[in-house]
Amino acid sequence: MRHSLALALAMLLCAPSAAQAAGNKALTTSGTMVAIALPVVAGGISIYKDDWNGAAQLGLNTVLTVGTAFALKQVIRERRPDGSDWKSFPSDTTALAASGSSYLWKRYGWEYGLPAFAASQFVSFTRVEAKKHHWYDTLASSVIAIGYSQLVVSRYNRYNFYSSLEASPDGAMVRLAYDF
């Protein structure tokens, strides 16, 4: 009788942690899937728009971002919150997601970038919630992605039409140009 009572009590105490572990695994998996999907979707948008220069910029942006995150992870020793190893900083999963979202924002504007940014923040949330990274690990990955997108990604201009407005103390100048 005592053994069955102890067994029942142990099962009740372990059930929430088992459910939590299953929930963390599902959360981690969903975050990883979104991280992979973001650059794939960004590439699909570029191909749909027949923007091959943009697709090449996305590839370069992704390789630089994930490569830098991976290299820093090998050099900087930061213990993961779950204690599993010393490769917490920065998050390469978040770097992958942020490379796609920062590319979309820089290349096509906030209309594409804002939903992608929200998706990359979901990835960051899943990494922190699953105790695989600290919040600053995911922030660093996002900053790396934004920095590289500012360096290698140019704004998409489908019609080769450019305009600018310049103000001076004596007046203003409007410039319109079209590249053939």
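Going along each chain's sequence as written, the residues are numbered from 1 onward. Under the rules for a predicted model, residues below a pLDDT of 70 receive no local features and side-chain atom pairs below 80 are neither given nor counted, while totals for whole chains, interfaces and linings still include all residues. With hydrogens and water stripped out, all remaining heavy atoms of the structure feed into the side-chain values.

A look at the overall build of the chain
Put simply, DSSP H or I for four residues or longer makes a helix, DSSP E for two residues or longer makes a strand, and each gets a number counted from the N terminus. When you go through the chain residue by residue, the secondary structure sums to five helices and two strands. Its helices and strands taken in sequence order, the chain reads α-α-α-α-α-β-β from the N to the C terminus. Should any heavy atoms of two residues lie within 4.5 Å, those residues are considered in contact. If you take every contact in the chain between residues at least 6 apart in sequence, the share linking residues at least 24 apart comes to 67%.

Some points on the nonpolar core
Buried Ala, Val, Leu, Ile, Met, Phe, Trp, Tyr and Cys residues form a nonpolar core when they are joined through side-chain atoms within 4.5 Å. Think of it in three bands: residues with accessible area under 20% of the maximum for their type are buried, residues over 50% are exposed, and the middle band is partly exposed, with areas taken using a 1.4 Å probe on protein chains only. In terms of nonpolar packing, the biggest core is built from 12 residues, these being A35, L38, A42, I45, L58, A97, Y103, L104, Y108, A116, V123 and V153. Where this core is concerned, the elements lending two or more residues are α1 (2-48), α3 (92-108) and α4 (110-129). Apart from residues lying up to four places away in sequence, Y108 is in contact with I45, S46, K49, D51, Y103, R155 and Y156.

Observations regarding a nonpolar patch on the surface
On the surface, V128, W135, Y136, L139 and V143 cluster together into a nonpolar patch covering about 480 Å² of accessible area. Looking at the nonpolar patch element by element, the count peaks at four residues for helix α5 (residues 135-152). If you trace the backbone, L139 turns up in helix α5. Exposure above 30% relative accessible area and no salt bridge define the residues that can form patches, which grow by joining like charges within 9 Å and nonpolar side chains of Val, Leu, Ile, Met, Phe, Trp and Tyr within 5 Å. The Shrake-Rupley method, run with a 1.4 Å probe, gives the accessible areas here. Residue values count only the displayed protein chains as cover. Between Lys or Arg on one side and Asp or Glu on the other, a salt bridge is scored when a side-chain nitrogen of the former is within 4 Å of a carboxyl oxygen of the latter.

Looking at the pattern of salt bridges
Enumeration according to the criterion identifies three salt bridges in this entry. The salt bridge involving R107 is made with D51; its shortest N-O contact spans 2.7 Å. Of this pair, R107 sits in helix α3 while D51 is found in the loop between α1 and α2 (52-75), placing the two residues 56 residues apart along the sequence. Both residues of the pair, R107 and D51, belong to the buried class. Salt-bridge contacts for D85 lead to R80; the nearest nitrogen and oxygen are separated by 2.7 Å. Overall, D85 belongs to the partly exposed group, its relative accessible area being 29%.

Details of the layout of surface pockets
One number sums up the size of the largest pocket: a volume of about 150 Å³. Cavities and pockets are found on a 1 Å grid laid over the protein atoms alone: a cavity is a set of points where a 1.4 Å probe fits but cannot escape, a pocket is an open set with protein on both sides within 12 Å along at least five of seven lines, and a lining residue has an atom within 4 Å of such a point. Around the largest pocket, the lining is made up of 14 residues, and of these S101, S102, W105, F117 and I146 lie nearest the centre. The set of elements that each furnish at least two residues to the lining of the largest pocket consists of α3, α4 and α5. Amino acids are sorted into nonpolar (Ala, Val, Leu, Ile, Met, Phe, Trp, Tyr, Cys and Pro), charged (Asp, Glu, Lys and Arg) and polar (every other residue, Gly among them). Residues belonging to the lining of the largest pocket are distributed by class as follows: five nonpolar, eight polar and one charged. Grid points are joined across faces, edges and corners, and a volume is the space filled by probe spheres set on the points.

Overview of unusual backbone geometry
At the junction of F89 and P90, the peptide bond is cis and its omega measures out at -15° in the coordinates. For P90, the location among the structural elements is in the loop between α2 and α3. In this structure, D50 is a non-glycine residue whose phi angle is positive, near 55°. Turning to its location among the elements, D50 is positioned in the loop between α1 and α2. Judged by relative accessible area, D50 falls into the exposed class, the value being 54%. Positive phi outside glycine occurs at K131, with the angle close to 60°.

Focus: the confidence of the model for the chain
On average, residues of the chain carry a pLDDT of 85, and 82% of them reach 70 or more. The predictor attaches a confidence to each residue, called pLDDT, with possible values from 0 through 100. Low pLDDT (under 50) marks residues 1-19, which in the prediction has zero contacts with non-local residues, meaning those over four places away or in another chain.

Notes on the environment of Y112
Tracing the backbone through its elements, the reader meets Y112 in helix α4. Owing to a relative accessible area of 31%, Y112 belongs among the partly exposed residues under this scheme. Separated by 70 residues in the primary sequence, Y112 and A42 have C-alpha atoms spaced 9.1 Å apart.

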